[in-house]
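The lines below spell out each chain.
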Amino acid sequence: MSNSAYSYSAATPKAALLSLLCLGMAACSFQEYIAKPIDTAALTQKIAGRRADDALFQQYLINNGYSPAQLPIQQWELDDLIHCALFFNPSLDVARAQWRSAEAAKLTAAEMRLPTVGGQYSKSNNASEEISPHAYGLSIEIPIETANKRNIRIESAQHLSEAAKLRIAQAAWQLRNDVAKAFNEYQANRQQMKLLSKEQAYRQDVVAIYQKRVDLGESSNIELSKAKLQLQTLNTELESKQRNHLVLLSSLASSLGLPLAQVEQMQIVDAANTKTPGIPASGTPALADLQTQALLNRLDIRIALERYAIAETKLKLEIARQYPDIVISPGYAYEFGDKIWSLGLSSLMTILTKNKLAIAEATQLREAEAKQFEALQTSVISEVNVANARLTQAMQFLENQKNLYRQQQANTRRMDSRLRTGEIDRLELSYARLEEVLAEQHIALADFQLASSINDLENAIQAPLAGSSITNEKFENLSSAP
């Protein structure tokens, strides 16, 4: 055996040992899988333990413009409840987790393809003494991406991340809508209970008057039976509203992300003390301005633009894949005493098909996204038109009911004056008061329709009309946990 072969063979164990040592040191930095099962009992306890007077929530309110003197909140208005939902409702945490996943995908897209290393060892059983019986080989494959494919992948991941971030704001707007609807329904039901109780007292007076007249023989049982039937119908309606009270409160608690028992302890502002929300002093904006605002502010439109950009980058990537990537493969081999250097070059022959089918598919995907965006814009404009028309009708309906109520109030005052002069009896005055209560109930219904119409229009343009501290910009800054 030659000295060169002997020195190569003797050095090989040291080199192998050194390689193993390097691999072992690298292995020390490997991450290990750690199981993380979901503890359902702990989550249930966490949900049940949410409280509106939580110290972290109070700090969250201070960070969002509340002064320490306002805390803890004594009378919960709509904006207060919306802040509560933004802090406690877990749907935002889901959207944030999806955005963080998209952010991690940006780093993955930026990674460059790593080289691959290969090696081999052979030994001959019938080598002569002049030739080494050992053969070693080492090769490295270095991939080289062409046509800017890596930057295109990064661009696509950036659009995916931006779309995921916009979905956080979209989830916040959905929460705002859910809370506003639940709040308006709860307020309307509570107001109706008050007015029905007021009507109940007047109808009981009517029944008592008829009962006294029947007892004195001054009236027939027909009028008494009719009055009792009306009172019974009213009692049934009032009981229905009272039963619905807990259902609506539960719906509000679900939107807030708080336990029902906690919401029952919160003093929600009475509808009579609530300002009419969302109506600017100058009136509602012009329809064209509302449409423009919707097309600029709507988060689903901006998400659709991101989806179109993603389709664009997919098409760019498929076009770039017409140009094959290259793999350079330098190698070294020691074969039975001979030292051999090599250099290889390989590539997938996509240049033959020019990736036509994938390009056609990506082109159709881009066209589909463009059509979806056009359909979305049309739908948004229609939604704004309908919401604006309903708001106009609701405002007119409320004004009409207020006029009728004022007329009925004047009539009740006249009837009261005539009672004092002996021109009418108590029964006629009781019926006048009943008509006034019915007119008041119509105003309460009109108020509810107006509040619902305002909420629908604000969601159509995804921006408050007026009188709210919760703006679109606030929703777009919710990517970090509170």
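Reference entry: report on the structure contained in this document. All of these numbers come straight from a predicted model, not from anything done at the bench.

The rules behind these values
Residues numbered from 1 in each chain as written. Predicted model: local features only at pLDDT ≥ 70, side-chain atom pairs only at ≥ 80, totals over all residues. Heavy atoms only, no water. Helix = DSSP H or I, 4+ residues; strand = E, 2+ residues; numbered from the N terminus. Buried < 20%, exposed > 50% of the residue type's maximum accessible area, 1.4 Å probe, protein only. Contact = heavy atoms within 4.5 Å. Areas by Shrake-Rupley, 256 points an atom, 1.4 Å probe, with all protein chains shown as cover. Phe/Tyr/Trp six-rings, centres within 6.5 Å; stacked < 30°, edge-to-face > 60°. Core = buried A, V, L, I, M, F, W, Y, C linked by side-chain atoms within 4.5 Å. Salt bridge = Lys/Arg side-chain N within 4 Å of Asp/Glu carboxyl O.

**A short note on the overall build of the protein chain**
Point 1. A count of helices and strands for the protein chain gives 13 helices and four strands.
Point 2. Buried positions account for 37% of the 482 residues belonging to the protein chain.
Point 3. A fraction of 79% describes how many contacts in the protein chain between residues 6 or more apart in sequence connect residues 24 or more apart.
Point 4. Approximately 28,500 Å² of the protein chain is accessible, and the part contributed by carbon and sulfur atoms is 55%.

**Quick look at the packing of aromatic side chains**
Point 1. Enumeration according to the criterion identifies nine aromatic pairs in this entry.
Point 2. Seen from their ring centres, F57 and Y60 are 6.2 Å apart, and the 20 degrees between their planes marks the pair as stacked. A residue pair is termed a helical-turn pair when its members lie 3 or 4 positions apart in one helix, as F57 and Y60 do in helix α3 (residues 55-63) at three residues. Considered together, F57 and Y60 belong to a single accessibility category, that of buried residues.

**Digging into the nonpolar core**
Point 1. Within the largest apolar cluster, 47 residues are counted, with the highest numbers of intra-cluster contacts made by L86 and L256.
Point 2. Elements supplying a minimum of two residues to this core: α3, α4 (78-88), α5 (91-110), α6 (149-216), α7 (221-256) and α10 (299-320).
Point 3. Among the elements that line this core, the one with the most residues is α6, at 13 residues.
Point 4. Sequence-distant contacts of L86, defined by excluding residues within four places in its chain, comprise Y60, L92, R96, A172, L175, F475 and L478.
Point 5. In this structure, A294, I301, A304 and I443 belong to the second largest nonpolar core, which totals 23 residues.

**Focus on the pattern of salt bridges**
Where charged atoms of side chains with opposite charge meet at close range, the side chains can pair.
Point 1. Summed over all chains, the structure comprises 22 salt bridges.
Point 2. As a salt-bridge pair, K149 and D325 come within 2.8 Å of each other at their nearest N and O atoms. Of the two residues, K149 sits in helix α6 while D325 sits in the loop between α10 and β3 (326-335), which places them 176 residues apart along the sequence. For the pair K149 and D325, one class covers both residues: buried.
Point 3. We note a salt bridge from R420 to D416, for which the minimum N-O separation is 2.4 Å. Taken together, the residues span about one helical turn, with R420 and D416 both in helix α11 (residues 356-420) at a distance of four residues.

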